Amino acid sequence: MYLPESYVNRMKELLGEEEFTAYMQSFDEKNFRGLRVNTLKISTEEFEKISPFALKKIPWTENGYYYEDSEQPAKHPYYFAGLYYIQEPSAMTPAQLLPVEKGDKVLDVCAAPGGKSTELAAKLGGTGVLVSNDISNSRAKALLKNIELMGVKNAYVVSELPEHFVERFAGYFDKILIDAPCSGEGMFRKEPSMVKGWEEHGVDFFHKLQKGIIDSAVKLLKPGGKILYSTCTFSPEEDEGSMKYLLENYPEFTIEKIPDLWHEFSGGHPEWVDGPESLSNTIRLWPHKLKGEGHFISLLKKEGEEETADIPIKRSKFRLPDECTEFFELLSMEINWEQCMRVKDKLFFVPDKDVDMKGLRVLRSGLYLGDIKKNRFEPSQSLAMALKKEEFTQVMDFPVDDIKVVKYLKGETIDIEDDKAKGWYLVCVDGYPLGWAKATKGRLKNKYHSGWRMF
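Keep in mind that what you see is a predicted model, and the values were worked out from it rather than measured.

## Here's the deal with the overall build of the protein
Thinking step 1. Each helix and strand in the protein was counted, giving 13 helices and 23 strands.
Thinking step 2. Its C-alpha atoms give the protein a radius of gyration of 23 Å, within 12% of the compact-globule value 23 Å for 455 residues.
Thinking step 3. Across its three principal axes, the protein shows a C-alpha extent of roughly 75 × 55 × 40 Å.
Thinking step 4. Classification of the 455 residues of the protein by burial places 56% in the buried group.
Thinking step 5. Carbon and sulfur atoms make up 47% of the accessible area of the protein, which totals about 20500 Å².
Thinking step 6. Each charge sign in the protein was given a centre, from 62 positive and 73 negative side chains, and these centres are 8 Å apart.

Written out as structure tokens, the structure is:
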């Protein structure tokens with residue numbers, strides 16, 4: 001494949017002759033395909049039992065697997081049930097290495113299309129708060145779909161410049177993930193089109209962007225909190241260079257040594273940027289050393305005693321509208337109604353109702369429950385995906401090889417044997433929810449989200 005001469009010469013200089021040869025040979029190898037099990041819905045052990053694919057464990061992840069090129073996991077009903085996320089193997093690493101704990105308030109600064117955010121959500125396990133942000137509104141819409149598909153209940157999906165968070169959320173977050181925009185050198189093999197962007201912008205353009213994001217993120221983090229910074233480039237300016245900038249301008253931060261790393265990960269290079277020795281605690285994933293693309297990762301801690309962040313509060317009382325009562329009597333999922341709000345005719349469960357998001361470009365606040373209509377309630381697709389089969393009274397559960405599953409995912413009406421079935425039903429495949437249908441006179445009227453249908 002085509003690589004700019006200036007890039008080739010720089011890599012030869014950085015790596016040395018022998019390792020550079022191995023790196024260049026990696027371009028002749030195939031791309032490795034991966035999926036990450038969504039542990040919000042299913043354990044890895046359970047998924048291995050039902051998986052229709054030939055899987056091989058990705059050694060540096062807890063829930064990641066390689067699959068063969070011949071497989072098409074994005075077209076399988078289990079994908080539509082949100083049991084896994086399709087993700088490049090190396091890209092699984094940053095969210096794996098950020099030590100998120102239950103109850104944390106977590107920010108994913110550059111979150112689209114959602115691979116890292118959905119893993120952070122799985123680690124939170126429905127507790128705490130996840131703010132998934134992407135500056136691009138179109139990319140944030142893809143992010144929202146993946147957040148909903150994976151059954152995440154506790155996320156705000158936002159499309160804002162990171163600096164717009166600072167005035168309102170300074171010192172609010174326990175953990176922050178910065179998967180920074182970069183020149184993409186680590187993805188040249190997988191996406192050769194990124195070479196053109198590298199030639200057009202160069203590494204200095206992205207280094208400047210990264211410094212701006214860092215300037216905001218450090219202010220959003222609590223004392224005692226942690227930031228994981230990652231890129232998919234090898235550029236010293238964007239990797240060790242950006243970390244050197246952070247350490248020089250924010251001395252309250254230190255780079256942590258990440259324990260229990262897979263042996264094929266490589267340490268950082270302080271000498272490449274004339275930086276402090278602690279930069280050797282950063283890590284790189286090289287495509288000639290492992291079965292994945294390139295990545296850089298650094299874990300940082302903010303020193304100081306924890307303080308309670310002074311966050312603007314907007315409190316309002318909530319009472320479940322009468323139109324909703326009949327539907328929610330069928331649902332046993334625990335909902336704290338004090339954390340719910342009504343926006344016009346839409347009903348939401350929000351992870352932190354005390355936070356005022358007014359003025360920010362918010363695509364979704366928490367779990368969208370559904371729409372309040374005249375004398376009735378219509379549940380949302382996102383509510384279906386957040387449920388477990390046993391949390392709804394009326395269920396239609398089909399085996400994965402039943403033609404009704406594909407018909408449902410294509411939006412078709414389904415004939416059923418039970419002509420007494422009436423009202424809202426949660427449609428499942430092998431016990432895992434897909435969406436809603438309304439039963440009447442031996443038929444299921446399809447309510448599957450029109451934009452998610454299988455074609």
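And the narrative resumes.
## Brief notes about the side chain of Ser-235
Thinking step 1. Checked against the element boundaries, Ser-235 lands in the loop between strand S9 (221-231) and helix H10 (240-249).
Thinking step 2. Taking the relative accessible area as the measure of exposure, Ser-235 reaches 2% and is therefore buried.
Thinking step 3. Among all residues touching Ser-235, those that are not within four sequence positions of it are Ser-183, Glu-185, Val-203 and Arg-284.

## Section: the pattern of salt bridges
Thinking step 1. All chains considered together, the criterion is met by 22 salt bridges.
Thinking step 2. Note that Arg-36 and Glu-119 form a salt bridge whose closest N and O atoms lie 3.0 Å from each other. Of this pair, Arg-36 sits in strand S1 (residues 33-37) while Glu-119 sits in helix H6 (residues 115-124), placing them 83 residues apart in sequence.
Thinking step 3. Assessed through its relative accessible area of 1%, Arg-36 is described here as buried.
Thinking step 4. One continuous salt-bridge network, built from bridges that share partners, spans Glu-29, Arg-189 and Glu-293.

## Observations concerning the packing of aromatic side chains
Aromatic ring pairs: the centre-centre distance and the angle between the two ring planes describe each pair.
Thinking step 1. The final tally for this structure, using the stated rule, is 31 aromatic pairs.
Thinking step 2. Both rings, one in Tyr-7 and one in Phe-188, keep their centres 5.2 Å apart while their planes meet at 65 degrees; by these two values the pair is edge-to-face. Here the residue Tyr-7 occupies a position in helix H1 (residues 5-15), and Phe-188 occupies one in the loop between strand S8 (173-179) and helix H9 (194-220), the gap between them amounting to 181 residues. Here the two residues Tyr-7 and Phe-188 agree in accessibility, since each one is buried.
Thinking step 3. Of the aromatic side chains, those joined through ring pairs into one cluster are Phe-318, Phe-327, Phe-328, Trp-337, Phe-377, Phe-392, Trp-424 and Trp-436.
Thinking step 4. The lysine or arginine in question, Lys-57, covers the ring of Tyr-65, its NZ or CZ lying 5.5 Å from the ring centre.

## Things to note about unusual backbone geometry
Thinking step 1. Residues Ala-112 and Pro-113 are joined by a peptide bond in cis, for which omega reads 5 degrees.
Thinking step 2. Its location among the elements puts Pro-113 in the loop between strand S5 (105-108) and H6.
Thinking step 3. For Asp-260, which is not glycine, the phi dihedral falls at a positive 55 degrees.
Thinking step 4. Here Asp-430, not a glycine, exhibits a phi torsion of approximately 50 degrees, which is positive.
Thinking step 5. Within the secondary structure, Asp-430 sits in the loop between strand S21 (423-429) and strand S22 (432-440).

## Topic: the sheet that holds strand S3 (residues 64-67)
Thinking step 1. Ordered in space as S2-S3-S1-S4, the 4 strands form an open sheet in which the pairing is antiparallel. Since the sheet does not close on itself, it has two edges, and those belong to strand S2 (55-57) and strand S4 (84-86), each with one partner. In this sheet, adjacent strand axes meet at a mean angle of 35 degrees when their direction is disregarded.

## What to know about the packing of H9 against H10
Thinking step 1. Direction vectors running N to C along H9 and H10 enclose 40 degrees, while the axes themselves pass 10 Å from each other. As judged from the angle between their axes, H9 and H10 are oblique. The interaxial crossing formed by H9 with H10 has right-handed handedness. Between H9 and H10, the residues in contact are His-207, Gln-210, Lys-211, Ile-214, Asp-215 and Val-218 and Gly-241, Ser-242, Met-243, Tyr-245 and Leu-246, respectively.
Thinking step 2. Classifying every residue of the contact of H9 with H10 gives 5 nonpolar, 4 polar and 2 charged.

## Considerations on the pairing of strand S6 (residues 129-133)
Across a regular strand the side chains alternate sides, sitting on one face of the sheet and then on the other.
Thinking step 1. Most of S6 sits inside the fold, with 5 of its 5 residues counted as buried.
Thinking step 2. The alternating pattern of S6 places Val-129, Val-131 and Asn-133 and Leu-130 and Ser-132 on opposite faces, both of which are buried.
Thinking step 3. Here S5 pairs with S6 via 4 bridges, running parallel. Each bridged residue has a counterpart across the sheet, and for Lys-105 the counterpart in S6 is Val-129.
Thinking step 4. In this fold, the crossover linking S5 to S6 by way of H6 has right-handed handedness.
Thinking step 5. The sheet contact formed by S6 and strand S7 (residues 155-158) spans 4 bridges and is parallel. Within the sheet, the bridge partner assigned to Leu-130 lies in S7 and is Ala-155.
Thinking step 6. Taken together, S6, helix H7 (residues 137-149) and S7 constitute a β-α-β crossover, and its handedness is right-handed.

## Considering the environment of Ala-170
Thinking step 1. Mapped onto the secondary structure, Ala-170 falls in the loop between helix H8 (163-169) and S8.
Thinking step 2. The sequence separation of Ala-170 and Lys-57 amounts to 113 residues, and the corresponding C-alpha distance is 39 Å.

## Topic: H7
Thinking step 1. Taking 1.5 Å as the rise per residue, H7 with 13 residues should run 18 Å; its terminal C-alpha atoms sit 18 Å apart, in good agreement.
Thinking step 2. When we look at burial in H7, the residues that qualify are Ala-140, Leu-143, Leu-144, Asn-146, Ile-147, Glu-148 and Leu-149.
Thinking step 3. At the exit of H7 stands Gly-151, carrying a positive phi of roughly 80 degrees.

## Concerning the side chain of Ser-117
Thinking step 1. Mapped onto the secondary structure, Ser-117 falls in helix H6.
Thinking step 2. Overall, Ser-117 belongs to the buried group, its relative accessible area being 0%.
Thinking step 3. Within the structure, the side chain of Ser-117 is placed 2.8 Å from the side chain of Ser-132, a separation counted as a polar contact.
Thinking step 4. Those residues within four positions of Ser-117 in sequence are excluded, and the remaining contacts are Asp-108, Ala-111, Leu-130, Ser-132, Leu-143 and Ile-147.

## Description of the sheet that holds S21
Thinking step 1. Here 5 strands make up an open sheet; going across it, the order is S19-S21-S22-S23-S20 and the pairing mixed. Of all the strands in the sheet, the pair left with one neighbour each is strand S19 (395-398) and strand S20 (414-415).
Thinking step 2. Two strands pair when backbone bridges link them, and S21 and S22 are joined in this way by 7 bridges, in the antiparallel orientation. Across the sheet, residue Gly-423 finds its bridge partner in S22, namely Ala-439.

Calculation notes
Residues numbered from 1 in each chain as written. Predicted model: local features only at pLDDT ≥ 70, side-chain atom pairs only at ≥ 80, totals over all residues. Heavy atoms only, no water. Helix = DSSP H or I, 4+ residues; strand = E, 2+ residues; numbered from the N terminus. Rg over C-alpha atoms; globule rule 2.2 N^0.38 Å. Buried < 20%, exposed > 50% of the residue type's maximum accessible area, 1.4 Å probe, protein only. Areas by Shrake-Rupley, 256 points an atom, 1.4 Å probe, with all protein chains shown as cover. Lys, Arg positive; Asp, Glu negative; His and termini not counted. Charge placed at Lys NZ, Arg CZ, Asp CG, Glu CD. Contact = heavy atoms within 4.5 Å. Salt bridge = Lys/Arg side-chain N within 4 Å of Asp/Glu carboxyl O. Phe/Tyr/Trp six-rings, centres within 6.5 Å; stacked < 30°, edge-to-face > 60°. Lys NZ or Arg CZ within 6 Å of the ring centre and 35° of its normal. Pairing = 2+ DSSP bridges. Axes fitted to C-alpha atoms, helices over the stretch in contact; angles between N-to-C directions. Parallel < 35°, antiparallel > 145°, perpendicular 65-115°, else oblique. Left-handed = near helix turned anticlockwise from the far one by under 90°. Nonpolar A, V, L, I, M, F, W, Y, C, P; charged D, E, K, R; others polar. Right-handed = clockwise from strand over helix to strand, strands pointing away. Expected span 1.5 Å × (residues − 1). Polar contact = N/O pair within 3.5 Å; in protein donor to acceptor, adjacent residues only side chain to side chain.

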